[in-house]
Amino acid sequence: MTIAIRYTWAGDSTGPTFRDLYLLAGPGSAWGPLVQAVDGNLYGVTGQYGYSHGNIYALGLQGSGLATIYSFCTLPNCADGSNPTTGLVQSPSGILYGTTQDGGWVTTGSGGQYGQGTIYGISAGGQFTLCHTFRGSDGAAPEGGLALDYAGYVYGTTRYGGVNCTDAQGCGTAFRMDPSGRFLWEHSFSGPDGSEPLGTLLLAANGSLYGTTNQGGAYNAGTIFRVTVSGEFSTLYNFCAQPGCADGSNPEGGLIQSVDGNLYGTTYTGGVSNLGTVFKITPDGELTTVYSFSGGDGQYPQGSLTQGSDRNLYGTTYSGGTGAGWGTMYQLTLSGQLTTIYSFQRLGDGGQPWGGLTQGVDGNFYGSAIAGGTGDGVLYEVTAGLPAQVQALPAGDVVGDGVAILGEGLDEATGVSFNGVTTTFNPVSPTQLDVTVPVGASTGYIEVTLPSGNVLENLPFRVRPKVQQITPTSGKAGTPVTVRGESFTGARTVAFGDGRVGTSSFTVDSDTRITVIVPEGVVSGRVSVSTKGGSGISSMSFEVE
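Here's what I pulled together on the structure shown here. None of the values given here were measured: they were computed from a predicted structure.

With that settled, consider the sheet that holds strand β48 (residues 513-517). Within the open sheet, the four strands sit side by side as β42-β44-β48-β47. Their pairing is antiparallel. In the strand order of this sheet, the two ends are held by β42 (466-471) and β47 (506-510), each with one partner. The average undirected angle you get between the axes of adjacent strands in this sheet is 25°. Pairing between β42 and strand β44 (residues 480-486): five bridges, direction antiparallel. For Ile470, the partnering residue across the bridge sits in β44 and is Val483.

Picture the strands of a sheet paired through backbone hydrogen bonds; they go either parallel or antiparallel. Strand order in the open sheet formed by four strands is β21-β22-β23-β24, with antiparallel pairing between adjacent strands. Two strands in the sheet have a free side with no partner beyond their single neighbour: β21 (256-257) and β24 (287-292). Of the strand pairs in this sheet, strand β22 (residues 263-267) and strand β23 (residues 277-281) are connected by five bridges, and their pairing is antiparallel. Bridge assignment links Leu263 to a residue of β23, and that residue is Ile281.

Moving on, we come to the state of the cysteines. Scanning the model with the defined rule gives three disulfides in all. Covalent S-S linkage joins Cys73 and Cys78, the inter-sulfur distance amounting to 1.4 Å. Between Cys73 and Cys78 the disulfide shows an S-S torsion of about -55°. By sign, it is left-handed. Residue Cys73 is classed as partly exposed on the basis of its relative accessible area of 22%. For Cys78, a relative accessible area of 12% gives the class buried. The disulfide partner of Cys240 is Cys245, and the gap between their sulfur atoms is 1.5 Å. As the torsion about the S-S bond is roughly -45°, the Cys240-Cys245 disulfide counts as left-handed. By relative accessible area, which is 18% here, Cys240 ends up buried.

A word on the packing of aromatic side chains. Evaluation of the coordinates by the stated rule reveals 24 aromatic pairs. Plain terms: the ring middles of Tyr120 and Phe128 are 5.6 Å apart, the flat faces sit at 20° to each other, and that makes the pair stacked. Neither Tyr120 nor Phe128 differs from the other in exposure class; each is buried. An aromatic cluster of at least three residues, connected via ring pairs, comprises Tyr70, Phe72, Tyr120 and Phe128. The ring of Tyr153 carries Arg176 above its face, with NZ or CZ at 4.1 Å from the centroid.

We now examine the side chain of Asp80. Topologically, Asp80 is positioned in the loop between β6 (65-71) and β7 (89-90). Lacking a salt bridge, the buried Asp80 has Arg135 as its closest oppositely charged neighbour, with an N-O distance of 16 Å. Of note is the side chain of Asp80, whose polar atom sits 2.6 Å from the side chain of Tyr70. Of note is the side chain of Asp80, whose polar atom sits 3.1 Å from the backbone nitrogen of Thr74. Residues in contact with Asp80, not counting those within four places in the same chain, are Tyr70, Ser71, Phe72, Cys73, Thr74, Leu75, Thr100, Thr118, Phe128 and Leu130.

Thresholds applied
- Residues numbered from 1 in each chain as written.
- Predicted model: local features only at pLDDT ≥ 70, side-chain atom pairs only at ≥ 80, totals over all residues.
- Heavy atoms only, no water.
- Pairing = 2+ DSSP bridges.
- Helix = DSSP H or I, 4+ residues; strand = E, 2+ residues; numbered from the N terminus.
- Axes fitted to C-alpha atoms, helices over the stretch in contact; angles between N-to-C directions.
- Disulfide = S-S within 2.5 Å.
- Buried < 20%, exposed > 50% of the residue type's maximum accessible area, 1.4 Å probe, protein only.
- Phe/Tyr/Trp six-rings, centres within 6.5 Å; stacked < 30°, edge-to-face > 60°.
- Lys NZ or Arg CZ within 6 Å of the ring centre and 35° of its normal.
- Lys, Arg positive; Asp, Glu negative; His and termini not counted.
- Salt bridge = Lys/Arg side-chain N within 4 Å of Asp/Glu carboxyl O.
- Polar contact = N/O pair within 3.5 Å; in protein donor to acceptor, adjacent residues only side chain to side chain.
- Contact = heavy atoms within 4.5 Å.

Take a look at the structure:
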């Protein structure tokens, strides 16, 4: 049985105080991270245990307790999958997406055979949709979470499978899936470019995806890689490149992008004491070790980091600390100053936290531990004195598109603005507003006005440029071209040929118009514009004469 415990961090030596105890129905450890959905509840999964093939549960934060909304292996032959061991991701429509490591059913000429994991979607009410069954060649045993882009495309990794590896079980894959469940591309890892990706992919502001592998690379200690949405792959960094693996080794979590534009992550081992590190890396691949764990402050950081509304990083370690080595929760400034918030004791409060932390709209942090409590782990809440916030789904979009805002007391909202530009809004429930990105909006914070005061979004909302028209649509190098659209202020690059040929010869005439000179070496293809909010690309091509 898994228990859920809430406790408060006073931010000083008094430590946490415990309150509220819940029992989670069903066996199996709770695997993180948790996700807060538009209904205000937290959702997560429990893994396979005994007769149970795993469950999806909802935790009500307003006293409604815990409830199982789906149990796996419900379909014949476990066609829906078995053994979910990573958290869920939410789409703007409210559908939650996740993966199972095992199960699925592949129909063959002789009847069928068991698959090697699944991708699924589920509503808050428990309506289940099977999206994809892995067959091995396209991947096997997905352990990382999924990422969604603005158009509903799904990105993820599998630990094993693929077609480019000499290892019999495969080195793993990265993939892109369209909303109908069709795979558009897969990258099969080969070993030298990485092996066994375990973390969730990050869709960064520049439009590229970033991830880590636990094994492989130049020193067989894991890698950081980048892949474009069209599937072009490159290795950014090989861990253990420094003497004694001082730069870290074997990352298990994914990456996050901070408000400073850099990417942050953890390695499970390596560092000064070989007990793990926190690192930052620029989008172009320059890595800096921010912190090395030494044991008393925690060891073996396993999950991804979370950037809190105070701009500090928050995370967990799988073991270490002062509680007989059952793991820690910590706060880390971007400059590398670490504060241990809590050391798990295992009995009562749980141990071995898994999957990192989630900051809720109430400002508190939520997580799971897979050991202790009454046997199979705990769900916990930490109050760190941070203010309430709102969250946007998706976290970036273009002018004119709809956005769901998650928060508390939103049915009483009197105003919404995007970086100071007001917009109309529709209260859907006390926890959700539907809004439209207004004309003139730029990358910055969403602000919701409530009777109790104004509430800001945790991280900046990225307003991506929208390229609507190019004139003329053909020409040669040296031809002036007018690009029209939205959100061009602060444009950093303009590129031709589907982003392959960039140029610095352009002028931002207004937020809706750019004049650019076609560069030498241009090739035919679509025209893209990039700002700090992301990238936009034209639907029409510029043809080279």
